[in-house]
Amino acid sequence: MRGCRVWVNILFLCAALHVAVPAKANETAPPELTNYFQELWTTRDGLPHNTINSVTQTEEGYIWLATWEGLTRYNGAEFKNFDLYSNIGLRDAGLQNVRVAESGQLIVVGARGTVVLREQGAAGTTEWRTLETPLTLVNKAIYNQDNSYWLATEELGLLKYYSPDNVESFFDQVAPNNNVMHAYDIAKPDDSQLYVATNLGLVRVTKDDLYFINSDYGLPKLGVFSVTQYGDDFIVGTEQGAFIGRQETGFKLIHPKLDNVSIIRVMVDDIGDIWLGSIDKGLFRLSKAHGLENLSMADGLPNSRVLAIYQDAERSIWIGTNGGLMRLRNTPFRTYTAKDGLADNFVRTVIQRENGDVWVGSAGGVSVYSNNQWRNLELGLQASVLSLYEHPEHGIYIGTYTDGLLLWKNGEVIQHWTRSDGLLANEIRAMAATHTGRIWLATPNGINFYEPGKGIGEPNEQVDHARFSVSLHEDKNDQLWLGTARGLFKYVSDRFVSVDISKFNHAQYVFNIQSVGDELWLATDRGLIIYQPEQQQGIVIGRPQGLIVEKVFQFTIDENNNVWLTSNRGIMRTTVDDIRAVQTQQSSGLTTVEVFRESDGLVSSQANGGSNPAILHATDDTIWVPTANGIARIAPNQLAQFTDYPPPAVIENVEINGEFVASGRAPSRFDGERISISYAGLGFTMNNQIRYRTQLLGYDDNWRTTSARYAEFTNLPPGDYTFRVQAAYSNSDQLGRTAEFSFSVPPRYYQQLWFWIIASVALLLAIMTFVRVRLNVLARRAAELEQQVAEKTEALRTQAERFEHLAQFDELTNLPNRRSFNRDLAAEFAAATRHKKPLTLAIIDVDNFKRINDNFSHSSGDIVLQWLADLLKQHTRQEDKIARWGGEEFTILMTDTTIETAEIMCNRLREHIMQTPPPAQVPIEQLTVSIGLSSLASVDSIDSLLSHADRALYTAKSNGRNRVCRYPTPN
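Rules used in this analysis
- Residues numbered from 1 in each chain as written.
- Predicted model: local features only at pLDDT ≥ 70, side-chain atom pairs only at ≥ 80, totals over all residues.
- Heavy atoms only, no water.
- Helix = DSSP H or I, 4+ residues; strand = E, 2+ residues; numbered from the N terminus.
- Rg over C-alpha atoms; globule rule 2.2 N^0.38 Å.
- Buried < 20%, exposed > 50% of the residue type's maximum accessible area, 1.4 Å probe, protein only.
- Contact = heavy atoms within 4.5 Å.
- Areas by Shrake-Rupley, 256 points an atom, 1.4 Å probe, with all protein chains shown as cover.
- Lys, Arg positive; Asp, Glu negative; His and termini not counted.
- Charge placed at Lys NZ, Arg CZ, Asp CG, Glu CD.
- Polar contact = N/O pair within 3.5 Å; in protein donor to acceptor, adjacent residues only side chain to side chain.
- UniProt positions renumbered as here; feature names shortened; annotations may be inferred.
- Domains from an automatic or database assignment.
- Buried area = accessible area lost by both parts, 1.4 Å probe.
- Salt bridge = Lys/Arg side-chain N within 4 Å of Asp/Glu carboxyl O.
- Nonpolar A, V, L, I, M, F, W, Y, C, P; charged D, E, K, R; others polar.
- Pairing = 2+ DSSP bridges.
- Phe/Tyr/Trp six-rings, centres within 6.5 Å; stacked < 30°, edge-to-face > 60°.
- Lys NZ or Arg CZ within 6 Å of the ring centre and 35° of its normal.

## Quick look at the overall build of the protein chain
- Across its full length, the protein chain holds 8 helices and 69 strands.
- Its C-alpha radius of gyration of 48 Å places the protein chain more than 25% over the 30 Å reference for a compact globule of 971 residues.
- Judged by the C-alpha coordinates and their principal axes, the protein chain covers about 155 × 100 × 70 Å.
- Per-residue burial for the protein chain yields a buried fraction of 52% across its 971 residues.
- Sequence separation of 24 or more characterises 53% of the internal contacts of the protein chain that already satisfy a separation of 6 or more.
- Counting every atom, the protein chain has about 45300 Å² of accessible surface; 46% of that belongs to carbon and sulfur.
- For the protein chain, the distance from the average position of its 88 positive side-chain charges to the average position of its 112 negative side-chain charges is 5 Å.

Printed below as a string of structure tokens:
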């Protein structure tokens, strides 16, 4: 009997679903619950906490979330979190509920008596206000017309808040058996009554009394978590299921499968379908179209505990769970995968048969879509399918990846060809029938053809560059075209002849070929090429013209002259008119390029295109696209329904001269140097497709179209300005609510009349003062010039003396340099020769000097040279002429001195150097020198004198260093 009553209840509910909440006109049936496109956000995506207790949407379009770590706002692109320190008035970050009141207030409630209101303030700004309520967990708040609030709380039950000093309690005297009352939810059908979900059951509150609606009315005794109005009835979520009814008629279980399922949240959508959140069984939906359905963690739900359910203005369903936030929505694309019955998710090719069935080739074989159902063909082998072609008489040719070519007819494979039958490869990437009756086959190893009755053949001549073949097409002039990895070819006189397409941005790979009128349209690795065969010219539509990628796999044109293009990064849509405008040079780029990716219903945005055909424009005007994860389908004519909601625009941040403006109010003394305005279009169905129009009234009244979410203006002249922004989906002309921000730039001080009067008087006085001062300055300047001339003359004299000194002396040792020595040598040599007096030359070289530089540093070597120069000065005669010859070599020119005397003097000098401790900065124990001597007595020229001394030095070095040698050597 209980089962019969339950099914009667179901019939009653079905009738209620049709009458309680009227459906929209021409409402299409919603998808099955598991077929909604799912999106998930967690703390990794910016949420402050994965437990989402409540979801709502304010009038301006924002989605708001109540979490255990504060309030969160979502604009479709990013989350903005308001925590305990965000100055909005939260007493605690643990929030239980957020909702929009009939007054437009956003009411936020939670732990420690948190009740915060977000209200519209003056000049369109928003203000936050905190109510001083008792310190208890508030589960929900309802606004009343008299500015009071109903509060559902833990422990204190139902409260009515008027002011901090006037809080009325309703349950403290009436709780059965003195139990503590916890109020979880409130439904307010009108101003005369409330329904309150409590731990002790459902309570009806009127102006006169309280009524406990318990088992006498068909409800469980305890544990009511939620109550939601449904027409004239109420849906009650309890520990033992969901019930529907009212006090006057009683309550009945809403569905037998929900018996003993703990329901904690209930939401009724805009067409009357009932959504139910459970404690541990996930999400349920009871609808006219599909009955009772369940979405569990196995179906993608992030957690089985559903705490919040909300339908936004675009009819998306937001689900708050213990594991994050989920959104369920209908999308432009429906992707079929193995879960729906496909043989495999990696889909490569698709065709439509004459009977309307859609055939899909994948890595798992062939799947057929007929009457909204999938079935897989039994091919007799595990074939990975690359290409499909239906012949009106032969049947369906199936090209495989490794198993050659199959022919399917009358429900079975009737013929099978492989390499042993003449195929150049078992990999068949494309097929095309020509007017001659041949079926042409594209393989990685070249081109085959099949002629019925004759078998597999190939052209007389295979072209090496045409070996990796991927596309075939016969145009209306019976010309066969071949696309390969190395370019485009046409079939002429039983051979394929190359057609140069490299001039089109170096295009090479031709994935797809189709005739459009007298043109060939080629999908290539450099975009879409519009090629005119007779003129051998064309254009390329690629990234510079507005496509998001260069590599285009496939394309098709729908009934509305939209061009659909597939790629590795999504599906693009533009128009034939846009392409023609570029072709005729009326435009440098495409005006509109829409991009569809995962957020638009594609399980994978990677379309496949290395075999053919890999796109289908079906007879019902739907577009089918093989992808790396399923086959995607879209009805272009239904695309508008996803963008019929005009997204409202909001201004989110205003930054003036690098500082954010509080509450969006411009300062009174803004100098106009730089203002940056960030805005957003609050559309969530296809947020990435939103485009904006901006205008700055007072500067430029023209609207500017952009996809950017910010605008910046610099160096604005004085005046009053209003920045305006509107948003719309890219394929819709419906503009949402305009957002505005007004500000003024006052005249700068130098742009006002008083400034110019003062400046003129000051300028006149300045000129008069300038003339007087100038005369004084000129006189003083003349005296200064005379002084400067004298100083400059003295400086030039000093500088000349210094230059003269530097020209004759070594800068390091302050000894005469080689130039000075050469002059002295020439003079003394001439005098000694003329007066027949002795003259001796000594060349001194520091022993092992290179080691000092290498082991210590060149600065250490410089110190040694300075030290040695000082010793030479100290231990030579006043008449001896010492010079630095170069590097570590020194010279001593000894006049009126024989070589014998000079040898004695040089040995004495050598011993002094050897016995004198080296400089402390250079860590060596001893320094020695080698000395070579030559005299005038043995030479007849200066060069000979130098040469003999150098030879003597060489001898000293060769005989062990630290010695004095002379040249010639005495017998």
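## As for the environment of Asn97
- Relative to the elements of secondary structure, Asn97 occurs in strand β6 (residues 95–100).
- Take Asn97: its relative accessible area is 14%, and that puts it in the buried class.
- C-alpha separation for the pair Asn97 and Phe856, spaced 759 residues apart in sequence, amounts to 79 Å.
- If sequence neighbours within four positions are ignored, Asn97 has contacts with Ser54, Ala66, Ile107, Val108, Val109, Asn139 and Lys140.
- Here the side chain of Asn97 touches Ser54 through a polar contact of 3.4 Å, side chain to side chain.

## A word on the UniProt feature "coiled-coil region" (unreviewed entry) in the protein chain
- Under the UniProt annotation, "coiled-coil region" (unreviewed entry) lies at residues 768–802.
- Note that residues 768–802 is 100% helix and 0% strand, and that its end C-alpha atoms are spaced 49 Å apart.

## Structural notes on the domain arrangement of the protein chain
- Taken domain by domain, the protein chain holds domain 1 (335–356 + 446–638), domain 2 (649–745), domain 3 (747–808) and domain 4 (811–954).
- A C-alpha centroid distance of 41 Å is found between domain 1 and domain 2.
- Contacts between the two partners involve 7 residues from domain 1 and, on the opposite side, 7 residues from domain 2.
- Carbon and sulfur atoms make up 30% of the surface buried where domain 1 meets domain 2, a total of about 490 Å² over both sides.
- Our count for the contact surface shared by domain 1 and domain 2 stands at 0 salt bridges.
- Connecting domain 1 to domain 2 are 1 residue pair in polar contact (both at pLDDT 80 or more).
- Examining the composition of the side of domain 1 that touches domain 2, we find that 3 residues originate from one element, strand β53 (residues 594–596), more than from any other.
- Within the side of domain 1 that touches domain 2, the residues separate by chemical class into 3 nonpolar, 1 polar and 3 charged.

## Here we look at the pairing of strand β38 (residues 430–433)
- In terms of strand pairing, β38 meets strand β39 (residues 439–443) through 4 bridges, oriented antiparallel. Opposite Met431, over in β39, you have Leu441 as the bridge partner.
- Between the antiparallel neighbours β38 and β39 lie 5 residues, among them Gly437 with a positive phi of about 95°.

## Some words on the sheet that holds strand β58 (residues 659–660)
- Taken together, 4 strands build an open sheet; the order of strands is β58-β57-β59-β62 and the sheet is antiparallel. Of all the strands in the sheet, just β58 and β62 (710–714) have a single pairing partner and so form its edges.
- Examined bridge by bridge, strand β59 (residues 674–681) and β62 share 5 bridges and lie antiparallel to one another. By the bridge assignment for β62, Ser678 is matched with Tyr710.

## Overview of the side chain of Arg99
- Here Arg99 shows up in strand β6.
- It turns out Arg99 is buried and unbridged, and the closest side chain with the opposite charge, Glu102, is 4.7 Å from it.
- A polar contact of 3.4 Å, which involves the side chain of Arg99, links it to the backbone oxygen of Ala141.
- When neighbours within four sequence positions are excluded, Arg99 is seen to be in contact with Thr56, Gln105, Leu106, Ile107, Lys140, Ala141 and Ile142.

## Some points on the side chain of Thr198
- When you line up the elements, Thr198 lands in strand β15 (residues 193–198).
- Classification of Thr198 as buried rests on a relative accessible area of 0%.
- A polar side-chain atom of Thr198 sits 3.1 Å from the main-chain amide nitrogen of Leu200.
- Residues within four places of Thr198 in sequence aside, it is in contact with Phe171, Met181, His182, Ala183, Tyr184, Val203, Gly223 and Val224.

## Observations regarding the packing of aromatic side chains
- Counted under the stated rule, the structure contains 47 aromatic pairs.
- Measuring from ring centre to ring centre gives 4.4 Å for Tyr74 and Phe79, while their planes differ by 25°; the resulting arrangement is stacked.
- Using a relative accessible area of 5% as the deciding quantity, one classes Tyr74 as buried.
- On the accessibility criterion, Phe79 (14% relative accessible area) is buried.
- Its guanidinium or amino end placed over the ring of Tyr62, Arg73 lies 4.1 Å from that ring's centre, counting from NZ or CZ.
- The ring of Trp885 has Arg818 lying over it, and the distance from NZ or CZ to the ring centre is 3.8 Å.

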